[in-house]
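Here are the chains, one letter per residue:
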Amino acid sequence: MFDLVILGSGSAAFAAALKAADHGAKTAMIERSTIGGTCVNVGCVPSKNLLRAGELRYYDSHREFPGIKPGTTTLEFNRIIEQKNQIVRGLRREKYSDVLRSLPSIKLFRGNARFVSRTRVKVDGVNVDGRKFVVATGSSPRIPSIPGIENVDYLTNVEALNLRSRPASMIVLGGRALGLEFAQMYSHMGTRVTLLQRSDRIIPEEEPAVSDALRQYLEEEGIKIKTGVQVKRVYQTQGEKVIVARDKSREFEARGSELLVATGRDPNTSLLGLESVPVGLRKDGAVKVDREMHTTARHVWAAGDVIGEPMLETIAAKEGATAAENALSGTHRKIDFLPVPRAIFTSPQVASVGLTEKQAHEQGYECACRTIPMSKVPKAIVIRDTRGLIKMVAEASTGRILGVHILADGAADMIHEAVLAVKYKLTIDDIIDTVHVFPTMTESIKLVATSFRKDIDELSCCAE
């Protein structure tokens, strides 16, 4: 009998396992596929590596700097994929397999796990009994119900990270983080990309100014983007994938040698036998949890993608650690999701934390907002990359910072000062009173805060 049984071996599962080891708990971990889950194998790690490769190739050839003539970078696609695979294998070994071997209190079982009673999971015929459980089985690509899709050789993120040759053209279905990252990745490598998005904006959850500006930059690079699209059917002919769709004005066809489906992810719950416990599920198949990661079953917790949005590696780890802590110690720790940042690794990057202006109004705040373009930031001018903007959402009466939204080169690294501001309820004056290094892109956070009080066009570079 194990003290804790963890279903899965991704970010949430490993965080739970490390917490269990801290408590000296006898723990079982069950994995049906490759150890490490989505992030290291087919998510954050390989995609960001290939995005960087594409940026080096594209911007070396296109971005001009006076006195430096852009060159022509040779792209060897197979070598790019192989170096990506080496990094994935190395991190999977160092951060997952080797870590697991260093924890003698944890036993790994390989196979398909299914609850057969409240306290027993069967793993391909082997019984694993536990007192407490953490479900952290992740998610899988969601395939939309499009007439003809079953007869088309489409890609998901998994296959798109392991192509043997660079496609000449690609259709991307989906205009959120995954779709945008893969669209620009392949565009930078020389693939002609058409992106189709159902809503009226790409990344519709972000601030409209951010999504509109990012669309402009992507289109300037040659990516064709259509929004407000209703896909009618899909078929394949002579090696070409064809999407028949309609926008607000007409029916049209989009053609490509590859079709990437990037329309979201579904929690992996259907084969777990959760009804035997029972553990309640939401309509979308995600496990129901409270802020303590507790399910509807007294002895079962859940964490990571399997509980639904936000499906982010970092919050999955926090959820996993919280679930294990509460399961083993009964500490009733809760997670505050407001200060959890998110990022999209396009170029320029998108990074956000807290509330948008719309969300702040919906939650009853009387808010004040300021937006400044990156062309107002000295570092952006100095490095000749003024793409982007920053928007700060604050409570009008107190100046408390409710949200910050950045579109800029390096936005994912810049956001963390804003994370602390939202987490600790700092005000715009707290940021203004903080000395920032000059020149830096992060100084944009101070500049947008200052714009609530002064006209920043009338300030010298380092003025208070």
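Residues numbered from 1 in each chain as written. Predicted model: local features only at pLDDT ≥ 70, side-chain atom pairs only at ≥ 80, totals over all residues. Heavy atoms only, no water.

Student: Pulling in residues and values, what's your account of the overall build of the protein chain?
Tutor: Scanning the protein chain from terminus to terminus reveals 14 helices and 21 strands. Projected onto its principal axes, the C-alpha positions of the protein chain cover 70 × 60 × 45 Å. Expressed as a percentage of its 464 residues, the buried residues of the protein chain come to 52%. For the protein chain, restricting intrachain contacts to residue pairs at least 6 apart in sequence, the fraction spanning at least 24 positions comes to 62%. For the protein chain, the exposed surface amounts to about 21400 Å²; the carbon and sulfur share of it is 49%. Distance between charge centroids for the protein chain: 5 Å, based on 63 positive and 56 negative side chains. (Helix = DSSP H or I, 4+ residues; strand = E, 2+ residues; numbered from the N terminus. Buried < 20%, exposed > 50% of the residue type's maximum accessible area, 1.4 Å probe, protein only. Contact = heavy atoms within 4.5 Å. Areas by Shrake-Rupley, 256 points an atom, 1.4 Å probe, with all protein chains shown as cover. Lys, Arg positive; Asp, Glu negative; His and termini not counted. Charge placed at Lys NZ, Arg CZ, Asp CG, Glu CD.)

Student: For the nonpolar core, give the residues involved together with the corresponding values.
Tutor: Residues Val5, Leu7, Ile30, Phe115, Val121, Val134 and Val135 are the most contacted members of the largest nonpolar core, which totals 51 residues. Residues contacting Val134, with those up to four places away along its chain left out, are Leu4, Val5, Ile6, Leu7, Ala16, Trp301, Ala323 and Ala324. Leu163, Phe182, Ala183 and Leu195 belong to the second-largest nonpolar core, a separate cluster that totals 35 residues. (Core = buried A, V, L, I, M, F, W, Y, C linked by side-chain atoms within 4.5 Å.)

Student: Pulling in residues and values, what's your account of unusual backbone geometry?
Tutor: Each neighbour pair has its own omega, and for Val277 with Pro278 the value is -5°, a cis peptide bond. Tracing the backbone through its elements, the reader meets Pro278 in the loop between strand S15 (265-267) and strand S16 (300-302). With an omega of -10°, the peptide bond running from Phe438 to Pro439 counts as cis. When you line up the elements, Pro439 lands in the loop between helix H13 (428-432) and helix H14 (443-450). Despite not being glycine, Ile203 shows a phi value in the positive range, around 35°. Mapped onto the elements of the fold, Ile203 is located in the loop between strand S9 (192-196) and helix H7 (208-220). Non-glycine residue Arg384 carries a positive phi angle of around 60°.

Student: Give a detailed account of the pairing of strand S11 (residues 230-237), specifying residues and quantitative values.
Tutor: Pairing analysis gives 7 bridges linking S11 to strand S12 (residues 240-246), with the strands arranged antiparallel. Bridge pairing links Thr237 to Glu240 in S12. What sits between the antiparallel neighbours S11 and S12 is a turn of 2 residues, in which Gln238 has the positive phi angle 50°. (Pairing = 2+ DSSP bridges.)

These results come straight from atomic positions and should not be treated as a statement about function.
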